[in-house]
Amino acid sequence: STSPPTRQATTDVPCGGPRMRVTTWLLALLGVAALSATYTTDGSSGLAAAQDAPAAQMTEEQEAAIAEGGESFEFQAEVNRLMDIIINSLYKNKEIFLRELISNASDALDKIRFLAVSDESALGDTKDLEIKIKFDKDARTLTIIDTGVGMTKADLVANLGTVAKSGTTNFVEALSGDGGGDLSLIGQFGVGFYSVYLVADKVRVASKNNDDDQYIWESTADSNFVIAKDPRGNSLGRGTEITLFLKEDAGEFLDQDRLDELVMRYSEFITFPISLYKSKTETVEVEDEDEDEDDESESGGDEDEDLEVSDEDEYEDEEDDEPETQTITTWEWERVNVQAAIWSRDTKEIEDEEYKNFYKSMSKDFNDPATWIHFKAEGEVEFKSILYVPNEAPYDLYDNYYQQSAQLRLYVRKVLITDEFEDLVPRYLNFLRGVVDSDDLPLNVSRETLQQHKVLKVMGKKLVRKALEMLRKLATSKKGDDDEDEDEESEDDEEVDDAEDPYIKFWEAFGKNIKLGIIEDSANRSKLQKLLRFKSNKSGEGWTSLEEYVDSMPEWQKSIYYISGESVESVENSPFLERLKKKDLEVLYLVDPIDEYAIQHVTEYDGKKLQSVSKEGLSFGDSDEKTDKKRLEIYKEKFVPLTDYLKEVYDKKVTKVIVSPRVETTPCILVTSQYGNSANMERIMRSQAFSDPSKAQYLNSQKVMEINPRHPLIVELNTKVESDPDSEETKDIAWLLHDTALLQSGFMQDDIESYSSRMYRTMAKALDMETGLDLEEEVEVPEDEEEEEEDEEEDEDEDEDEHDEF
């Protein structure tokens, strides 16, 4: 009665057959036995005690008994099923087979070249180390030939007849004591060859090694293969010839343009030349044998005989003079991988023109790159890389920002692994172009993806650091050139030079990416801040950096001032800048919509806090600060009636009304709280495609009205408030002051109806209209005599028509 039911196992576990059912019942019985063992003799449950009890450990004698008495078996595998898994499960793309075969051929060529260092006779008569590819559309075959080390009969059995047997790995291990560790060979797993069955029904391999005759290996990817001595004899000299008998759906690999594309994509930078047997169509002239015979007969006649030639004959002769042509097809070997892997060479050996040509070849861009960096990274993972910055931004760079990644090609020993790597560098560096090549990346068997994210993160950090270093050098290159130049230049010359500054050209093309990096990359934010550029009230047509801003600051200035707006024209005449212009202070203009988001992550630079001039709490810290504070206190006492009155009238429209320390000529302005949204930020958030109008009130920040105590309108209004605070005219003037400040400070008017009514009343009072806005009576329109006569005639005609119809 205490045992749990065992039949439950048959319903919870799906049974795929008798064996599954037996296994399920065994598991259920084991569970019963385990639970039964936990009940004590008195009927109480001992389950908790059993859980706390340690599992029984085997003694050394028991372990030894297992080792001595146990039987040893080998794992068995169904060859057909295993081959099917290897062929169809390891690779995502069928086209990978060509990369694998070329990589194997490159390894074979590397091996013979290595052996030839110690044995000059190893190359024999076949001195050229190369790879050739040809196809036959009629026979539906694709052939890859190399002049590498080749394979003996035993090698064919061991390497091709044993799955996951890597001849390259064995070769390196055999030479590990003789410097074999310096070999940069590609093969690792011993399964790359079997990718040929993705596209081929049958594969034939002919191979010739210096130590054996030429043999043929042939298989159809089933459980057996055939090896025979090649009846053609030694046709290769040395090397290997792989012939693929393609499947019906693999016809694309019989097209020379497709083959050319695949070689250029995956194996462009293989060290050895790769040639493709290509056809070319030419138009040639054909010699006419009949004309030659006619010429000979005419030359044999009487030269003195006069011949009459008619105009028709001359016309026919002109037509006969046109040569006959025919189209012929020629076949010849053409090298595909012309571009060398310059990243593997020393930077001192490479000219700038070579870097530019490599960039154009890799990126298919007709323009020269803006800058580049070539480096070798060492440490946990070693790799070589060249990173480029394009001269111009693509037209759709920001159309789909979150789906675009940097066009960096990842190579392993000069063989392309992928060019679609999203995790290699952060998204804001998606404008980068370049290559990354490593010899020791941990790849999966298909060599299409990386396995360890830790190594990937290390590579990413190094690439980001080098990319930012490259941009930093580009940003300071102009400054270094200016320091070397001792001649003083005028302001006009400086503006021209600023336009020619290569970093300014980069900033105008990719500046948004740097700002996105400020938002996304907190680890490198301090480096990215040095790359920022802004317009300012002192930069003219040029740009200024935070570093230049700080260098030109007065000693007493404590903050970096900025203002945000829709455009430079809208902010440069803003009333918020009046006092700062008077003190000759520089203000940065944030006129890009993304600036408002980015500046939230830049709280300070070089110990100087960034402060918005459109928010409350503005201070300057100059020598006049104490005097200004005392003067402000006097003004506050004087304008207490006005500030209290305005706060009562505006109610929730403003949080408070104070005397302003920042305006000079403007009557009043509206500022926001220190941590609230600015007027420009409210405009941006309202304009977003997915903004919710019902939540607009949460976006609006609390506003503070600052009045100018020296402005005559404010002084007169203060007097009017003291004398006649309850009149409608005083309230309208107060509201008109608010509406003007609202628009001038960059905010939107949300109560259009009340605003319109106040404006009409103000206009009526300005026109001395005693009747106010009451509408006049409508004018009566008198009828003319001619129109009356015409109407009577029309009525008579209608009556006659009705009579006739009747």
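Residues numbered from 1 in each chain as written. Predicted model: local features only at pLDDT ≥ 70, side-chain atom pairs only at ≥ 80, totals over all residues. Heavy atoms only, no water.

**Student:** Quick question: what am I supposed to make of the overall build of the protein chain here?
**Tutor:** Looking only at helices and strands, the protein chain features 28 helices and 21 strands. Within the protein chain, the fraction of its 806 residues that count as buried is 40%. Residue pairs in contact within the protein chain that sit at least 24 positions apart in sequence constitute 72% of those at least 6 positions apart. Total accessible area on the protein chain is roughly 48400 Å²; 46% of this is exposed by carbon and sulfur atoms. (Helix = DSSP H or I, 4+ residues; strand = E, 2+ residues; numbered from the N terminus. Buried < 20%, exposed > 50% of the residue type's maximum accessible area, 1.4 Å probe, protein only. Contact = heavy atoms within 4.5 Å. Areas by Shrake-Rupley, 256 points an atom, 1.4 Å probe, with all protein chains shown as cover.)

**Student:** How should I be thinking about the sheet that holds strand E4 (residues 215–219) in this particular structure?
**Tutor:** Across a sheet, paired strands are connected by hydrogen bonds in the backbone, their directions being either parallel or antiparallel. Reading across from one edge, E5-E4-E3-E6-E2-E1-E7-E8 is the order of the eight strands in this open sheet, with mixed pairing throughout. Only two strands of the sheet have a single neighbouring strand rather than two, namely strand E5 (226–229) and strand E8 (324–335). Averaged over neighbouring strand pairs, the angle between their axes works out to 20° when direction is ignored. In this fold helix H6 (residues 96–118) packs onto strand E1 (131–136), strand E2 (141–146), strand E6 (239–246) and strand E7 (274–286), with an angle of close to 140° to the strand it touches most, E1. Across the sheet, helix H7 (residues 153–160) is in contact with strand E3 (200–208), E4 and E5; its angle to E4 comes to roughly 25°. (Pairing = 2+ DSSP bridges. Axes fitted to C-alpha atoms, helices over the stretch in contact; angles between N-to-C directions.)

**Student:** How should I be thinking about the sheet that holds strand E21 (residues 703–707) in this particular structure?
**Tutor:** Here three strands make up an open sheet; going across it, the order is E19-E21-E20 and the pairing mixed. Looking at which strands have only one partner, the edges of the open sheet turn out to be strand E19 (656–659) and strand E20 (668–672). Neighbour-to-neighbour, the strand axes of this sheet turn through a mean angle of 30°, independent of strand direction. Pairing geometry for E20 and E21, over five bridges, is antiparallel. Paired with Cys 668 across the strands is Ile 707, a residue of E21. Those strands touched by helix H22 (residues 640–650) are E19 and E21, and its axis lies near 145° from that of E21.

**Student:** I would appreciate a short explanation of the side chain of Thr 643 in the present structure.
**Tutor:** Within the secondary structure, Thr 643 sits in helix H22. Thr 643 gets classed as buried once you look at its relative accessible area, which sits at 11%. Here the side chain of Thr 643 touches Val 640 through a polar contact of 3.0 Å, landing on its backbone oxygen. Contacts of Thr 643, omitting those with residues within four sequence positions, involve Val 657 and Ile 707. (Polar contact = N/O pair within 3.5 Å; in protein donor to acceptor, adjacent residues only side chain to side chain.)

**Student:** Before we go on, may I ask you to explain the packing of aromatic side chains in this structure?
**Tutor:** Any pair of aromatic rings gets described here by the distance separating the centres and the angle formed by the planes. Applying the stated criterion across every chain yields a total of 23 aromatic pairs. Judged by centre distance (4.8 Å) and plane angle (70°), the ring pair of Phe 269 and Trp 343 falls under edge-to-face. Here the residue Phe 269 occupies a position in the loop between helix H9 (256–266) and E7, and Trp 343 occupies one in the loop between E8 and helix H12 (352–363), the gap between them amounting to 74 residues. The same class applies to Phe 269 as to Trp 343, namely buried. (Phe/Tyr/Trp six-rings, centres within 6.5 Å; stacked < 30°, edge-to-face > 60°.)

**Student:** Can you help me understand a negative patch on the surface in this one?
**Tutor:** Among the surface-exposed residues, Asp 644, Glu 648, Asp 651, Asp 724, Asp 726 and Glu 729 lie close enough to one another that they form a single negatively charged patch. Tracing the chain through its elements places Asp 644 in helix H22. (Patch = residues over 30% accessible without salt bridge, like charges linked within 9 Å, V, L, I, M, F, W, Y side chains within 5 Å. Salt bridge = Lys/Arg side-chain N within 4 Å of Asp/Glu carboxyl O. Lys, Arg positive; Asp, Glu negative; His and termini not counted. Charge placed at Lys NZ, Arg CZ, Asp CG, Glu CD.)

**Student:** In this structure, what is going on with the pattern of salt bridges? I would like to understand it.
**Tutor:** Pairing is possible between side chains of opposite charge, provided their charged atoms come close. Tallied over the entire structure, the rule returns 38 salt bridges. Between Glu 218 and Lys 202 there is a salt bridge, with the nearest N and O atoms lying 3.9 Å from each other. Taken together, the residues Glu 218 in strand E4 and Lys 202 in strand E3 connect sequence positions 16 residues apart. The exposure class assigned to Lys 202 is partly exposed, which follows from its relative accessible area of 23%. Close ionic contact of Asp 628 with Arg 631 constitutes a salt bridge, the shortest N to O distance being 3.2 Å. Remark: Arg 631 and Asp 628 occur in helix H21 (residues 625–638); sequence separation between them is three residues, near one turn of the helix. In this structure Arg 631 comes out as partly exposed when scored by relative accessible area, which is 41%. Bridged by salt links that share partners, the residues Asp 260, Lys 278, Lys 280, Glu 332 and Glu 334 form one connected network.

**Student:** I'm lost on the environment of Leu 408 in this one. Help?
**Tutor:** Within the secondary structure layout, Leu 408 lies in strand E11 (residues 407–412). Overall, Leu 408 belongs to the buried group, its relative accessible area being 2%. Counting along the chain gives 23 residues from Leu 408 to Ser 385, while the straight-line C-alpha distance between them is 9.7 Å.

**Student:** Any chance you could explain the packing of helix H25 (residues 712–723) against helix H26 (residues 728–744) here in plain terms?
**Tutor:** Think of two packed helices as two axes; the pair is described by the angle between the axes and how far apart they sit. At a minimum axis distance of 10 Å, the contact between H25 and H26 shows a crossing angle of 145°. In this structure, the crossing between H25 and H26 has a hand that is left-handed. Packed against H25, whose contacting residues are Ile 714, Leu 717, Lys 720 and Val 721, the element H26 presents Glu 729, Thr 730, Ile 733 and Leu 737 at the interface. Of the residues assigned to the contact of H25 with H26, the class counts are five nonpolar, one polar and two charged. (Left-handed = near helix turned anticlockwise from the far one by under 90°. Nonpolar A, V, L, I, M, F, W, Y, C, P; charged D, E, K, R; others polar.)

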